[in-house]
Amino acid sequence: MPAPVAPHGRRARALVVGGSAWHVVAADVDPAWVAGQVADDPIVAPLSARFLTALADRTGVEPGVLDAVLVAPPAPRAPGLELREASSGGHPRVVRALAHRAGVRVWTTPDASALLTLGRGVCGRWEVSLEVEPAARGRGLGMALAAAAPALVPAGAPVWAQVAPANTASLRAFLAAGYRPVCAEVLFGS
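So, a few notes on the structure that sits alongside this text. (Residues numbered from 1 in each chain as written. Predicted model: local features only at pLDDT ≥ 70, side-chain atom pairs only at ≥ 80, totals over all residues. Heavy atoms only, no water.)

## Topic: the overall build of the protein chain
At step 1: The helix and strand tally for the protein chain stands at five helices and nine strands.
At step 2: Across the protein chain, helices and strands are ordered from the amino to the carboxyl terminus as β-β-α-α-β-β-α-β-β-β-α-β-α-β.
At step 3: Here the C-alpha radius of gyration of the protein chain, 17 Å, is about what a compact globule of 190 residues would show, namely 16 Å.
At step 4: A principal-axis box enclosing the C-alpha atoms of the protein chain has dimensions of 55 × 30 × 30 Å.
At step 5: Put simply, the protein chain has 190 residues, and 44% of those count as buried.
At step 6: Restricting the contact set of the protein chain to residue pairs at least 6 apart, pairs at least 24 apart contribute 62%.
At step 7: Side-chain charges of the protein chain comprise 17 positive and 14 negative groups, with the mean position of each set lying 6 Å from the other. (Helix = DSSP H or I, 4+ residues; strand = E, 2+ residues; numbered from the N terminus. Rg over C-alpha atoms; globule rule 2.2 N^0.38 Å. Buried < 20%, exposed > 50% of the residue type's maximum accessible area, 1.4 Å probe, protein only. Contact = heavy atoms within 4.5 Å. Lys, Arg positive; Asp, Glu negative; His and termini not counted. Charge placed at Lys NZ, Arg CZ, Asp CG, Glu CD.)

Here it is as structure tokens:
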């Protein structure tokens with residue numbers, strides 16, 4: 001499959017997505033090459049270090065982090081948490097969102113101890129990220145932010161989160177907010 005459309009109308013160099021007994025390799029490479037690379041184990045191989053390295057060599061761009069991809073439960077009517085829309089600013093979480101998403105909007109808690117970003121990512125999907133300041137962690141604020149996100153997008157639109165599995169605090173927050181894991185993905189050129 002060709003490389004996917006990325007934010008800002010650019011094409012991503014490559015994307016590998018997989019779940020239980022399926023995978024998609026979206027890259028501008030020969031499908032026969034992909035089939036040959038994953039022939040030994042077509043279910044597991046596409047997300048293996050060996051295949052990701054070979055695809056990086058083939059496309060000339062490095063893979064990003066292997067993320068768990070989660071989808072939010074249906075939206076509440078209101079965020080359930082007091083949030084204020086903020087300017088994009090220079091916060092590292094916002095800078096990263098701007099690099100990977102279009103139409104990024106940012107909300108903060110009134111005390112600025114946490115922020116939430118929403119924007120259109122891979123294939124136009126709504127993607128959320130959040131950040132809680134160290135002093136405010138451990139009180140459920142991350143879970144509250146994750147739960148608030150679906151109320152901030154057009155009604156009925158799914159909200160997606162990509163979480164590095166090693167970021168256990170973030171993963172726990174999204175799971176506690178009712179997000180369901182649906183697949184894993186690696187975006188190249190991050």
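Read on, since the account is not over.
## Describing the packing of aromatic side chains
At step 1: A complete count under the given rule lists two aromatic pairs for this structure.
At step 2: Ring centres of tryptophan 33 and phenylalanine 51 lie 5.9 Å apart, and the angle between their planes is 35°; on these two criteria the pair is classed as tilted. One end of the pair, tryptophan 33, is in helix H1 (residues 31-38); the other, phenylalanine 51, is in helix H2 (residues 49-59), with 18 residues separating them in the sequence. You'll find tryptophan 33 and phenylalanine 51 in the same group, each marked buried.
At step 3: Its guanidinium or amino end placed over the ring of tryptophan 160, arginine 125 lies 5.7 Å from that ring's centre, counting from NZ or CZ. (Phe/Tyr/Trp six-rings, centres within 6.5 Å; stacked < 30°, edge-to-face > 60°. Lys NZ or Arg CZ within 6 Å of the ring centre and 35° of its normal.)

## Let's talk about the packing of helix H4 (residues 141-148) against helix H5 (residues 168-176)
At step 1: Remark: H4 packs on H5, axes separated minimally by 8 Å, with the N-to-C direction vectors making an angle of 50°. Considering their axes alone, H4 and H5 lie oblique with respect to each other. Seen along the crossing, H4 lies across H5 with a hand that is right-handed. Contact with H4, carried on its side by Gly142, Met143 and Ala146, involves Ala173, Phe174 and Ala176 of H5 and no other residues of that element.
At step 2: Of the residues in the contact of H4 with H5, the class split is five nonpolar, one polar and no charged. (Axes fitted to C-alpha atoms, helices over the stretch in contact; angles between N-to-C directions. Parallel < 35°, antiparallel > 145°, perpendicular 65-115°, else oblique. Left-handed = near helix turned anticlockwise from the far one by under 90°. Nonpolar A, V, L, I, M, F, W, Y, C, P; charged D, E, K, R; others polar.)

## Focus: the pairing of strand S2 (residues 22-27)
At step 1: Judged from the six bridges that link them, strand S1 (residues 14-19) and S2 form a sheet pairing that is antiparallel. Along S2, the bridge assignment pairs alanine 14 with alanine 27. (Pairing = 2+ DSSP bridges.)

## What about H4?
At step 1: Residues of H4 that are buried: Leu141, Gly142, Leu145, Ala146 and Ala148. Down the axis, H4 shows its buried residues gathered within 160° of arc, on one side only.
At step 2: Tucked into the core, H4 has its buried residues touching strand S6 (114-120), strand S7 (126-132) and H5. (Arc of directions from axis to C-beta.)

## What about H1?
At step 1: All of the buried residues along H1 are Trp33, Val34 and Val38. One face of H1 carries all of its buried residues, which in axial projection span an arc of 120°. Opposite the buried face of H1, at more than 90 degrees from it, the exposed residues are Ala32 and Gly36.
At step 2: Between a side-chain oxygen at the N-terminus of H1 and the backbone nitrogen of alanine 32 the separation is 2.9 Å; the capping residue is aspartate 30. (Polar contact = N/O pair within 3.5 Å; in protein donor to acceptor, adjacent residues only side chain to side chain.)

## Quick notes on the pattern of salt bridges
At step 1: In the structure shown here, the tally under the stated rule is seven salt bridges.
At step 2: Notably, a salt bridge pairs glutamate 131 with arginine 93, separated by 3.0 Å at the nearest N-O pair. Remark: arginine 93 occurs in helix H3 (residues 92-100) and glutamate 131 occurs in strand S7; sequence separation between them is 38 residues.
At step 3: A single salt-bridge network, built from bridges that share partners, covers Arg101, Arg125, Glu127 and Glu185. (Salt bridge = Lys/Arg side-chain N within 4 Å of Asp/Glu carboxyl O.)

In short, the description is geometric, and any link to function would need to be established separately.
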